[in-house]
Every structure is written in structure tokens, then in C-alpha cells.
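Coordinate analysis (summary)
Each chain, letter by letter, is given below.
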Amino acid sequence: MIAEMIDGYYRKVITEFCPALSKKEETFSGMILSDMIRIYYRDTVPFLQYRTDYKDKDEQDLVQEDYYHFQDDETTDEAAQEVKKEAKRFHAKKWENPKYLRKYIYQIDSTTMALNSELNGKVLLNMDLKLKKTKKPQILIYHTHGSETYRGSKRGKKSDTVIGVGDMLVKKLREKNISVIHDRNIYDKKNGKEERSKAYNYAANAIENHLKKYPSIKVVIDLHRDGVSEKTKLVTMQKGRRMAQIMFFNGMSRTISNGNIRYLKNPNKQMNLAFSLQLQAEAAKKYPGFTRKIYMKGYRYNLHYRGRSLLVEVGAQNNTLSEAKASMSLLAELLSDVLY
């Protein structure tokens, strides 16, 4: 009875002052309940908050709708402005300076905000990421966009996609006695139809299942293939071989227009940043020109499940499959150097 009176008073006020909102069906008590649930998910059990981020759009959830309209399609972004090899070389003091990192090491998407406090090279480069090798799986490799192919790839042949590149990375890591799990499933297609906008949703469920089955996993790597202008050639000569350049990618959970995205929290973001920057530094020391600038964008990209989470773009659509696979020997070496 009291709840009905409150709802009635609430509706009367809304109708008089905000008639456009009076058409909504949610009651005042319902709004309070929704707020309580939001607080519960956000503060009491933050792990469950991650699950609500990835529910399908047509299900009842607490996530803003604009999340689901976002597609991770780098072909719509401005082309990366590459710099000379000399500028990519590792200079310890320079890499401590956020201004230097912004100019030469990172490419921050125009929609995204990164704070200087987050780009503290001294902190990120000195963070301890070392692991001890065990027989239990320590690295999970998967592919959110597993249907991505290369120049000359045969249609319908999984080994000719970015998944085949993942096979090569797994091989090179195992040669170093590093225990790896490779998820070869395709998440950007369902029933023969492309579903890139839901791929991260599907992949998130798979990641959680793998982590439950193998709690020993400390490193999660999402291997992609970029999409660039046909004029852009992402090829580098390393050890006398043509290799596809690679690019590390960080999700910041923050945009310029919306600020921090509360429903896409990432408590592991600093370690994510340290992981990619240490790999970038190691590449600059040993193989200048192998890596492109680290790309930063505003969403989260499932990088929150482990601190040592990494999204890697291996070449682009105009690289050959052999170029992409050849680069995995160096990526495996960099991972080994940073982690072990």
C-alpha cells in the first residue's frame, strides 16, 4: 500500500515536470532495487560485474546499451604513424617520460583518454612480471576474431587464419618448455554469419571456462590480425626473414566523452600496461622495427581476467600467412624474456 502511494506520487511529479519520462514503466521502488543491484555487483562482488558486461543485448542486464554497439574494427581508425627505427630503440631514461612514450611508443585513439600517471615508464618497466615454469598450463592463447585471414589464405581452412598463426606461437613457446593451452574456436561467426560485435561476449565465456579448468593460467593472449589501408605495408626484415610487424593493444576502460567506464572496470589495467610496455622495450632492444606503436583504445577487450593479459595484432590483411607465422618466433622469444 505504502509502495503504491510512493509510486503514485512519483509518477505525478514526473508527469508534471518531465512528461517525456512518464512513459517509462519502471516504478520508483523498481529504480531503488536496480540501484541496489548495481551497487551489489559493482562493490560487493566485482567479479560478477564482469559477467554482466557480456550478456547479450536482448537480455535483461545492467549495462549501458552503447557498449553493444561498439565494434573492434581497426579499419575505421586512422592509420598508425610509424616512426624511424632509431626512435623505436630503447633509451631507459627517455622511456620513463610520459611525453616521450606518447610521442614515440604509444598511439592513443582519438576517442580515448590516457593519464600521464598511467604512462609512468619507470613504474611499468620495473614491475615484476616473472613466473616460474611448471608443467601445468601457464599461458592461454585464443582468438576473439578467429576468422581473420591473410593474403592468399584458403577459404574455410582454419590453419590459414590467425588461428594458424596461433598454432605457430604455441609451437615456438613449447620449444622453450613453456606450457600453453590454445583455444582454436572461432567467436566472430555463428551459424555461418559474422558477429564481430558479439565476439568479445562469446570469448569471455570461453576464457572463464578455461580459467576455471586451469587455474594455473597466469597469461592470457588474444591473437588478432589488423586491418589497414592497402598502401600500408607491415613487413619487417628480421634475422634475414620477411616477417609481419606486430602491434600490442591496450584497453583503457576510459573515453574522452564518458570518462571512466564504470561498468567496464579493469583492476588489472596497470599490469596490462606494464606487460605490453616491457615487451615493447624488449623488442626495441633486440629487434627494432619489429613492433608498431602500442595502440590504446577506450574499452576493455577482456583484458581484465589476468594482469598478464595481452592483445596482439599480427600483421594485416595484406600480409602473407608465411610472414605472419614467421613473426611468431620473435614474439615467443620476447614473451620468454619478459616472463621467465
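Residues numbered from 1 in each chain as written. Predicted model: local features only at pLDDT ≥ 70, side-chain atom pairs only at ≥ 80, totals over all residues. Heavy atoms only, no water.

Secondary structure summary: the protein contains 13 helices and 13 strands in total. For the protein, with 340 residues in total, the buried portion stands at 51%. When contacts within the protein are restricted to residue pairs at least 6 apart in sequence, long-range pairs at least 24 apart make up 76% of them. (Helix = DSSP H or I, 4+ residues; strand = E, 2+ residues; numbered from the N terminus. Buried < 20%, exposed > 50% of the residue type's maximum accessible area, 1.4 Å probe, protein only. Contact = heavy atoms within 4.5 Å.)

Before going further, it helps to examine the sheet that holds strand β9 (residues 246–251). Two modes of strand pairing occur in sheets, parallel and antiparallel, and in both the strands are linked by backbone hydrogen bonds. Reading across from one edge, β1-β12-β9-β13-β6-β2-β3 is the order of the seven strands in this open sheet, with mixed pairing throughout. In the strand order of this sheet, the two ends are held by β1 (106–108) and β3 (180–182), each with one partner. If you compare each strand with its neighbour and ignore which way they point, the axes differ by 25° on average. Bridge count between β1 and strand β12 (residues 294–297): three bridges; the pairing is parallel. Its bridge partner being in β12, Q107 is matched across the sheet by Y295. (Pairing = 2+ DSSP bridges. Axes fitted to C-alpha atoms, helices over the stretch in contact; angles between N-to-C directions.)

On to the side chain of D183, then. Position of D183 relative to the elements: it lies in the loop between β3 and β4 (189–190). Notably, D183 is buried but unbridged: the nearest opposite-charge side chain belongs to K158, and the N-O separation is 7.5 Å. There is a polar contact of 2.9 Å between the side chain of D183 and the side chain of N185. A distance of 3.0 Å separates a polar atom in the side chain of D183 from a polar atom in the side chain of H210. (Lys, Arg positive; Asp, Glu negative; His and termini not counted. Salt bridge = Lys/Arg side-chain N within 4 Å of Asp/Glu carboxyl O. Polar contact = N/O pair within 3.5 Å; in protein donor to acceptor, adjacent residues only side chain to side chain.)

Before going further, it helps to spend a moment on the packing of helix α11 (residues 269–286) against helix α13 (residues 328–339). Contact geometry for α11 and α13: axes closest at 9 Å, N-to-C directions at 115°. Handedness of the crossing formed by α11 with α13: right-handed. The segment α11 lies against α13, with F275, Q278, L279, E282, A283 and K286 engaging E333, L334, L335, D337, V338 and L339. A per-class count over the contact of α11 with α13 returns seven nonpolar, one polar and four charged. (Left-handed = near helix turned anticlockwise from the far one by under 90°. Nonpolar A, V, L, I, M, F, W, Y, C, P; charged D, E, K, R; others polar.)

Here A206 shows up in helix α10 (residues 199–213). Under the relative-accessibility criterion, A206 is labelled buried at 12%. Once the C-alpha coordinates of A206 and Y142 are considered, the two residues, 64 residues apart in sequence, prove to be 9.1 Å apart. Among all residues touching A206, those that are not within four sequence positions of it are D183 and Y187.

Another aspect to go through is the pairing of β12. In β12, alternate side chains face the same way, and those of I294 and M296 on one face and Y295 and K297 on the other are all buried. Two elements, β9 and β12, share three bridges in a ladder whose sense is parallel. The residue of β12 that forms the bridge with N250 is M296.

This paragraph deals with the pairing of β9. With six of six residues buried, β9 lies mostly within the body of the structure. Pairing between β9 and strand β13 (residues 308–316): four bridges, direction antiparallel. Within β13, the residue paired with M247 across the bridge is E313.

Chain-level pLDDT for the protein is 82 on average; 74% of the residues reach the 70-or-more range. For residues 17–29, every residue scores under 50 in pLDDT, and the model assigns this stretch 18 contacts once sequence neighbours within four places are set aside. In this model residues 37–83 is a low-confidence stretch, pLDDT under 50, and it forms 94 contacts with partners more than four residues away in sequence or in other chains. (pLDDT = per-residue confidence, 0-100.)

Here the focus is α10. For α10, which comprises 15 residues, the first-to-last C-alpha distance of 21 Å matches the rise-based estimate of 21 Å (1.5 Å per residue) to within 8%. Buried residues dominate α10, accounting for 11 of its 15 residues. (Expected span 1.5 Å × (residues − 1).)

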